[in-house]
Amino acid sequence: SSQIYPIHLPRETRTRRALLICNIEFEHLSRRNGAEVDVEGMTKLLEGLGYVVDIHCNLTSQGMATVMKDFADRKEHCTSDSTFLVFMSHGVRAGLCGTKSRDGTTDILSLDTIYETFNNKSCRALLGKPKVVIIQSCRGGKEGYTLVSDSGDPAMPAPSSADTISAGLEDDAIFKVHLESDFATLHSSTPDTVSWRCPVRGSVFIQHLIEQFQNHACNSDLQEIFRKIQYSFGKFPRQLPSQERTTMLRKFYLFPGH
């Protein structure tokens, strides 16, 4: 179907690669106890889905940017159909903390850098291929829940009018593509709120994510799995994963084992 991302190569010749960056030890911030469990769990999950995982730990923001650039230049992407980009660290609203971070402004990797590194201009080998971004980090210091009353109906938001494009337009360009397409991003929490991690079992978000992928990758497309992950937090109101900056043009099925 034209509505599904194609997998052109058989598993034997396909060269899927995934990038996993996890910061655990910091010079000025607290150690992220339990993050080792997240690395182990995500690596096992991605390998089961047919990806060779490049793992990097304890990097500054510049180190993370360099690792991303090197990964984007890997020739294996030419014979791959997709990639996973997993980031786990302390975080602030503006981005991910490097190992030398002191506060919300020092040694911070802007999330924009991720998309700039892997967009269709900078990473041609992944043009038209799903780029799945998983981000486990706090995005601020606020609690992700509120108390609500059972009385009264919430006001319904007014429907927004859809943008329309006039028919009959022509373009003299030879070929154009979207600068940033085929991304699917799932953050561990909504903007400005914290993410929770158990020192023994790892991050709550990563636990839920692994469980839902294991149960549903065989029969659900990626964004449906994302929805199931979000739904699984229904009884954990302190945190809610958030889909953002998602520009998938088709459905992405991982087809494990194929």
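Above this note sits the structure.
Residues numbered from 1 in each chain as written. Predicted model: local features only at pLDDT ≥ 70, side-chain atom pairs only at ≥ 80, totals over all residues. Heavy atoms only, no water.

Any chance you could explain unusual backbone geometry here in plain terms?
Generally, phi is negative for residues other than glycine and the peptide bonds are trans, each holding for most cases. Although it is not a glycine, Asp 182 sits at a positive phi angle of roughly 70°. Note on placement: Asp 182 falls in the loop between strand S7 (131–136) and strand S8 (183–187). With a phi close to 75°, Asp 192 is a non-glycine residue in the positive phi region. (Helix = DSSP H or I, 4+ residues; strand = E, 2+ residues; numbered from the N terminus.)

It is not clear to me how the sheet that holds strand S1 (residues 17–22) should be interpreted in this structure. Could you clarify?
The strands making up a sheet associate through backbone hydrogen bonding, with each pair oriented either parallel or antiparallel. Read from one edge of the open sheet, 6 strands run S2-S1-S3-S7-S8-S11, paired in mixed fashion. Only two strands of the sheet have a single partner each, and these edge strands are strand S2 (52–57) and strand S11 (242–243). When S1 meets strand S3 (residues 83–88), the two strands line up parallel, connected through 6 bridges. Paired with Cys 22 across the bridge in S3 is Met 88. Relative to S1, helix H2 (residues 61–72) is tilted by about 175°, and along the sheet it contacts S1, S2 and S3. Contacts between helix H5 (residues 222–231) and the sheet are confined to S3, S7, S8 and S11, with S8 contributing the most and set at about 10° to the helix. (Pairing = 2+ DSSP bridges. Contact = heavy atoms within 4.5 Å. Axes fitted to C-alpha atoms, helices over the stretch in contact; angles between N-to-C directions.)

What exactly am I supposed to notice about the packing of helix H4 (residues 204–216) against H5 here?
The relative placement of two packed helices comes down to the angle between their axes together with the axis-to-axis distance. Two elements in contact, H4 and H5, have axes whose closest approach is 9 Å; the angle formed by their N-to-C orientations is 135°. As summarised for this structure, H4 and H5 are arranged oblique, according to the angle between their axes. The interaxial crossing formed by H4 with H5 has right-handed handedness. Contacts between H4 and H5 involve Phe 205, His 208, Leu 209, Gln 212, Phe 213 and His 216 from the former and Leu 222, Ile 225, Phe 226, Lys 228 and Ile 229 from the latter. (Parallel < 35°, antiparallel > 145°, perpendicular 65-115°, else oblique. Left-handed = near helix turned anticlockwise from the far one by under 90°.)

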